[in-house]
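Here's the letter readout for the chains.
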Amino acid sequence: MKDISTSIPKVDNPEKLSGRALYVSDYEIPNLYYAKTLRSTQAKAFFHVIKPQLPQGIFIIDASHLPQKNVVKMIADDWKIFADVEVNYIGEPILLVIGQDKQKIEDVIHNIHVKYEPQTPIFDQSNIKTHKTFQKGNPQQAFQEADLMIEETFETGYQEQAYIEPQGMIAYPETADKITLIGSIQCPYYVKNAVVEALGYDEKNIRVIQPAVGGAFGGKEEFPSMMACQLAVAVHHLHVPIKMIYEREEDMISTTKRHPSHVTIQAAIKNKKITALKTHVAINGGAYLGLSNVVLSRAMLAATSAYTIENLDVTGDVYLTNSVPTGAFRGFGAPQMIFAVDMMMAHIAKKLKVNSLSFHRAHLAKQHDLTSTGGIFRDPIIMPEMIEKALEISDYINKRKIYDQPTSYKGIGMSLFLHGCGFTGSGEAEHIHAKVKLVKDEHDDVYIYVATVDMGQGQLTTLKKIVEHVIDREDIRIIYLPADTDDVPDSGPTVASRTTMIVGGLLARAALKLKETWKTHERMEIMESYVQPEYIRWNEEKLQGDAYPAYSWGVNVVEVEVNPITYQVDLKQLWSVYDIGHVIDERLARGQADGGLTQGVAFGYLEKMEIDQGRVIHKNFTDYIIPTAKDMAKTQTFFIDNPYAFGPYGAKGLGELSLVGGAPAVALAIEMAIQKSIHRIPVTPEMIMELIEHED
Amino acid sequence: MKIKFTLNQKSIEHEANPSSRLLDVLRDEFHLKGTKEGCGEGECGACAILVDGHITHSCLVPLANVNNRSVTTIEGFRETSQYRILEEAMVEEGGSQCGICSPGMMLAAQSLLTKNSHPTEEDIRDALSGNLCRCTGYNMIIKAIIRASKRGEGLW
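Residues numbered from 1 in each chain as written. Chains lettered and ligands numbered in written order. Predicted model: local features only at pLDDT ≥ 70, side-chain atom pairs only at ≥ 80, totals over all residues.

Student: Explain the overall build of chain B here, please?
Tutor: If you tally the helices and strands in chain B, you get 6 helices and 5 strands. What you see in chain B, going N to C, is helices and strands ordered as β-β-α-β-β-β-α-α-α-α-α. In summary, chain B has a C-alpha radius of gyration of 15 Å against a globular reference of 15 Å for 156 residues, a match within 12%. Along the first, second and third principal axes, the C-alpha atoms of chain B reach 45 × 30 × 25 Å. Look at the contacts in chain B between residues 6 or more apart in sequence, and 64% of them connect residues 24 or more apart. (Helix = DSSP H or I, 4+ residues; strand = E, 2+ residues; numbered from the N terminus. Rg over C-alpha atoms; globule rule 2.2 N^0.38 Å. Contact = placed C-beta atoms within 7 Å.)

Student: Any chance you could explain the overall build of chain A here in plain terms?
Tutor: Counting its secondary structure elements, chain A contains 18 helices and 28 strands. The C-alpha radius of gyration of chain A comes to 25 Å, within 12% of the 26 Å expected for a compact globule of 696 residues. When the backbone C-alpha atoms are referred to their principal axes, chain A occupies close to 75 × 70 × 45 Å. Counting across all 696 residues of chain A, residues that qualify as buried make up 57%. Residue pairs in contact within chain A that sit at least 24 positions apart in sequence constitute 83% of those at least 6 positions apart. (Buried ≥ 20, exposed ≤ 12 C-beta atoms within 10 Å, placed from the backbone.)

Student: Sorry if this is basic, but what is going on with the domain arrangement of chain A here?
Tutor: By a frequent convention, interface size equals the accessible area lost on bringing the separate parts together. Residues and elements named next belong to chain A. Its domain assignment divides chain A into domain 1 (24-120 + 162-254), domain 2 (343-421 + 547-694) and domain 3 (427-529). Relative placement of domain 1 and domain 2: their C-alpha centres are 38 Å apart. At the junction of the two partners, domain 1 supplies 8 residues and domain 2 supplies 9 residues. Split into classes, the residues belonging to the side of domain 1 that touches domain 2 amount to 6 nonpolar, no polar and 2 charged. (Domains from an automatic or database assignment. Nonpolar A, V, L, I, M, F, W, Y, C, P; charged D, E, K, R; others polar.)

Student: Please clarify how the interface of chain B and chain A should be interpreted in this entry.
Tutor: Across the boundary between the two partners, chain B contributes 39 residues, which contact 43 residues of chain A. Mapped by element, the contributors of at least two residues to the side of chain B that touches chain A are helix H2 (74-77), helix H3 (81-93), helix H4 (102-115), helix H5 (121-127) and helix H6 (139-151) of chain B. The residue inventory of the side of chain B that touches chain A, partitioned by class, reads 17 nonpolar, 13 polar and 9 charged.

Student: I would appreciate a short explanation of the domain arrangement of chain B in the present structure.
Tutor: Residues and elements named next belong to chain B. By domain assignment, chain B separates into domain 1 (2-77) and domain 2 (81-151). Between the C-alpha centres of domain 1 and domain 2 there is a distance of 21 Å. If you look at the interface, domain 1 gives 16 residues, while domain 2 gives 14 residues. Broken down by secondary-structure element, the contributors of at least two residues to the side of domain 1 that touches domain 2 are strand S3 (48-51), strand S4 (54-57) and H2. Of the residues contributing to the side of domain 1 that touches domain 2, the split by class is 9 nonpolar, 6 polar and 1 charged.

Student: Any chance you could explain the nonpolar core here in plain terms?
Tutor: Burial of nonpolar side chains together is a common tendency in soluble globular proteins. All names here are of chain A. Counting 277 residues, the largest nonpolar core has Ala171, Leu181, Ala228, Leu231, Ala232, Leu507 and Ile670 as the members making the most contacts within it. In terms of residue count, helix H8 (residues 334-352) provides more of this core than any other element does, 11 residues in total. Each residue touching Leu231, except ones within four places of it in the same chain, is listed here: Ala35, Met169, Ala171, Leu181, Ile242 and Met244. (Core = buried A, V, L, I, M, F, W, Y, C linked by C-beta atoms within 7 Å.)

Below is the structure:
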């Protein structure tokens, strides 16, 4: 058999290119009803709804219809299914209007009067809900003994996932006591478990089916659970099929986004080396915590990114504001911290008047070093080789000589970074308990049953490929269909760059068992559950130990030209070198690499979302600008083989890694082009103008 | 009001509100679900179709505007030999991930190649600038179109 890295055609290409793939809004169901959400127009207020006389066939469903607690089950259970007596952000759902005639639904929505008793909203950082801290070594002593202390603060803004398919969900009564949901989702079991809690039904009476998903990027991790609970409650009362598809503006004002952050770093320097860092990160969780505590953890754990610093004092806060809740987005807190760390490293090198490349290299993490939380980098780290490759393909050193001077308006920036693969700490072992199932029928057809979903990243192809390679028989068929919770065990959510490494790893083990016990023309069933590698030690409370089972590594180089009149940033070319263990499929991996880098670079210079007094200002693609084909430039990507012993065929995570280095690379390139220090992203033309014209 | 137009090579006489969005008419009345809605404001191109061969955002077009014109959706285009060449090239270059933009991208490529059978990379970037893709970063789509333009010599 060929090396598993050799690309094969993505299995869902034919249906997607031809428009045959069915996304949630494409499902036609007889006797369908539609739902539209009435949302808060106030950032903080008590409220009372004055319901109009409803026309025949139109219904209202709100908090008074909830059969159980008003909670959307996720990590922190503080999201409500419907606001009941108070609203905490503009866009918070109050009720659904349901009917078969869309115009009538609109008319009723417009005629509902909500009486608000406004309260004083909070938009600053005063309402701290979570505080976390960890230390490494003896930071206090290191600061006392330092020759020099440097402090800088970095800020990052909101980022919208901007999946091209908006959020959507269908719920319908399958039998008198069973409800089925079809949704544009990343995590079928998150949705199922949330609905089971919301309705108090037996688990077997809630079924979740995954259609084609038109992009997610974290945006369909926790948010769809809320839509599912709302629709399920409506179906519970009305016993009719109901579809709810958000329009783009509704999606942008009401769904989760990347957490804005402030990161303050103090560095202790001795003999031109960093001996300690004191880092504080604060992230804006919006009106409810949701997943924010976990996002905070991932941000804090990345406090030294790809470097080893002996002494650390890391603190972090989640503060709540009366704004739309922030949540999961590819990278999950790491992009904010890694931006700050790489900018800080470059700024320190500049202040010390040392070569920035040598300075970065001198601090790089090496195998057997202690991680930020005192875990161990157990696997070989090949960053020096990766940096060499990146320098060679981008001609970085030569270009830097030419560009790094006043009025060149050209720049080249390099970021070095890592990303922890899979859930943080013991998440897999203690919370997720992932399971996968293989079934072989009497015809020797093998069926793959997993709950993670293909949302474009190519899982339908890669997971099948892993099973095919292990079984290695050309005379059998392997069948892998999108998830249906009536058939698939809970393999955990499709998040945290875990699918290939964790779920793929379980499938490889199951496939090996099947192969070794193969009985022709007999039905066989193999169930495989996650067992944590024994070496992992993690203390969740103290944030100490091995935060991740493995790390993927990356180098991004971005070249830009800044227009000296308009200050528009023009991307010239982008280069990447990654260590993702052993690649499962070259072409799919390159697709992830290109797409992630595009989002990461855009986070750094292009995508700007402002929320003013709780009101989202940029709410469609007309004003929230994501890269077009004209904005993007050529990319060149290399994967350096470094197989991971516990991954299937040596594979590690990739999905998020490809995003986290984009912002610092482009910001450093712009710094070189305009010869000014950057502390805030996105670096828009307005910001460049401010830096050039108003700062010394 | 009765609107007459050609839809995927078939003559249609359709009785409907002339101000209905063409996108809704195609999806809801003709059940052509390959045309997607991504933004409803003509920015994303998921709803792109061909009107007399030109790439057009169907979410911005009232039905009346296609009176006496020829409309091609992905369902019509996928039956052509140009589609097969483009499909093959997209598969080989990895030009589709989540797929929600893919039908619109295929039609944007067709619209471009019809006017310019040997486009440069810059021509392609211009031609695709009305079609957003959040997954790929575009380069794999651009390479696919270049590949198709070479392989489909004489077809466009």
